[in-house]
Amino acid sequence: MTIFRQIRSSLVSILLVSGCLLLAVWLVLAERSARPGKGYALTTRDLAGFQPVIAGWAVRVKSIDAENPTDPNIMGMELAGENASGGPAPRFFVRLVHGYNMPMCMKIKYYTVEKIQDSGIRAVTDPKLQSAFLSSLQQPNSLTTQQQPSPGLPLQLWRLTSGAGTVSLWVTTMIRAGDFAPTREDICSMAFPRVETPDDPNWVPRGLTREDLKHPVGSFQRWWRSRWDGARWDVLTFLRLRRPVSGSEELLSYVTRSVVPDVTPANEAVVLQDLLATHASVLRQLQQWRKTEVSPGL
């Protein structure tokens, strides 16, 4: 019995010491991974003077943390149009982010993501949108006289449905960070970084509330799910042993999405035309502005 007690005592001591050492190593590694990484060369400061002008649209630039060089967000703006029919005025949100995987990012926010077009008019898979997509490339839009997107502009078109059933259309183009020229890169090939600024410009974080304390089990499940999603389903990142994946330095995700009205089968074609026109118009002005800023003497 004495031998067994000694073994048990030694085993407990070994486990306690090992646990303390493991905790110490984890704290050191977690502290190292929590240090800010290298900032991006291109930040929101570089686009401080960009203000697109589109006939028939009011453009409002959204504020982004210009003091944080590690923030992958570069530009965000809301465009409000006019509606001669008396219905709700259309609104779109344009966003420029260091290359990230938008579809996967929205899936973990419990959106249903459906790709309905990819890199050219020949790949439109929804017959209802085929004519609307073609007409948006060939004739002026009802809300803007800006030049429409050319057939050569690489586009990926998405239909997203929120958990509440709200449907919106999104169009994405991967562009180069240097001159903002479009590429044929698939946005799904991008890494899956944590993008701190939410896609809803009106979203406000609540933190821990009294309601959470009333339902500790449900609150813990939501916290766990949020942490796991925030770690992008990576165990080492979840354990804070690895820095979260950052957005691409060379490629940027240029995203335009519909906000108002809610997309329905009846208005989807009209929303699509306005969405594509807005996407192309802002990108064209962004490229022209970038060229002037980079080469002011030309």
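Look up a bit, the structure's there.
Report follows, based on the coordinates. Just so it is clear, the model here is predicted, and its values are computed rather than measured.

Looking now at the overall build of the protein chain. Counting secondary structure elements, the protein chain contains seven helices and seven strands. The order of α-helices and β-strands along the protein chain, N terminus first, is α-β-β-β-α-β-α-β-β-α-α-α-β-α. Residue burial in the protein chain is summarised as follows: out of 298 residues, 41% are buried. Looking at the protein chain alone, contacts between residues at least 24 apart form 71% of all its contacts between residues at least 6 apart. With an accessible surface of roughly 16900 Å², the protein chain has 59% of that area assigned to carbon and sulfur atoms.

A few words on the nonpolar core. In this structure, Leu47, Met77, Leu79, Leu96, Phe180, Leu252 and Val282 are the most contacted members of the largest nonpolar core, which totals 35 residues. Looking at this core, the elements with two or more residues in it are strand 2 (73-80), strand 3 (91-98), strand 6 (167-176), strand 7 (251-260) and helix 7 (268-294). Residue contributions to this core peak at nine residues, all from helix 7. Beyond its immediate stretch of four places on either side in the chain, Leu252 contacts Leu42, Ile74, Leu96, Val97, His98, Gly99, Thr173, Met174, Ile175, Arg176, Ala177 and Phe180. Counting residues in each nonpolar core, the second largest holds 16 residues, with Tyr100, Met106, Trp158 and Ile187 among its members.

Below, the discussion takes up the packing of aromatic side chains. Considering all chains together, one arrives at two aromatic pairs under this definition. With a centroid separation of 5.5 Å and an interplanar angle of 45°, the aromatic rings of Trp57 and Phe92 are classed as tilted. Highlighted residues: Trp57 in the loop between helix 1 (2-33) and strand 1 (58-61) and Phe92 in strand 3, separated in sequence by 35 residues. Across this residue pair, the class does not change: Trp57 and Phe92 are buried.

One open sheet accounts for seven strands, arranged 1-2-3-7-6-5-4; its pairing is antiparallel. Each edge of the open sheet is held by one strand with a lone partner, namely strand 1 and strand 4 (112-118). Ignoring strand direction, the axes of neighbouring strands in this sheet form an average angle of 20°. Relative to strand 7, strand 6 runs antiparallel, the two sharing seven bridges. Within strand 7, the position partnered with Met174 by the bridge is Ser253.

Let us now look at the side chain of Thr183. Relative to the elements of secondary structure, Thr183 occurs in the loop between strand 6 and helix 4 (210-214). Taking the relative accessible area as the measure of exposure, Thr183 reaches 16% and is therefore buried. When residues no more than four places from it in sequence are discounted, the contact partners of Thr183 are Pro154, Met174, Ile175, Arg176 and Leu251.

Quick look at the pattern of salt bridges now. All chains considered together, the criterion is met by five salt bridges. Here Glu78 ties to Arg60 by a salt bridge, and the two come within 2.8 Å at their closest N and O atoms. Of this pair, Glu78 sits in strand 2 while Arg60 sits in strand 1; the two residues are 18 residues apart in sequence, bridging distant segments of the chain. The class for Glu78 is buried, based on a relative accessible area of 8%. One salt bridge connects Arg159 with Glu268, and the closest N-O pair in it is separated by 2.7 Å. Residue Arg159 is found in strand 5 (residues 156-161), and its partner Glu268 is found in helix 7; the two are separated by 109 residues along the sequence. For the pair shown, Arg159 and Glu268 are each scored as buried.

The rules behind the values
Residues numbered from 1 in each chain as written. Predicted model: local features only at pLDDT ≥ 70, side-chain atom pairs only at ≥ 80, totals over all residues. Heavy atoms only, no water. Helix = DSSP H or I, 4+ residues; strand = E, 2+ residues; numbered from the N terminus. Buried < 20%, exposed > 50% of the residue type's maximum accessible area, 1.4 Å probe, protein only. Contact = heavy atoms within 4.5 Å. Areas by Shrake-Rupley, 256 points an atom, 1.4 Å probe, with all protein chains shown as cover. Core = buried A, V, L, I, M, F, W, Y, C linked by side-chain atoms within 4.5 Å. Phe/Tyr/Trp six-rings, centres within 6.5 Å; stacked < 30°, edge-to-face > 60°. Pairing = 2+ DSSP bridges. Axes fitted to C-alpha atoms, helices over the stretch in contact; angles between N-to-C directions. Salt bridge = Lys/Arg side-chain N within 4 Å of Asp/Glu carboxyl O.

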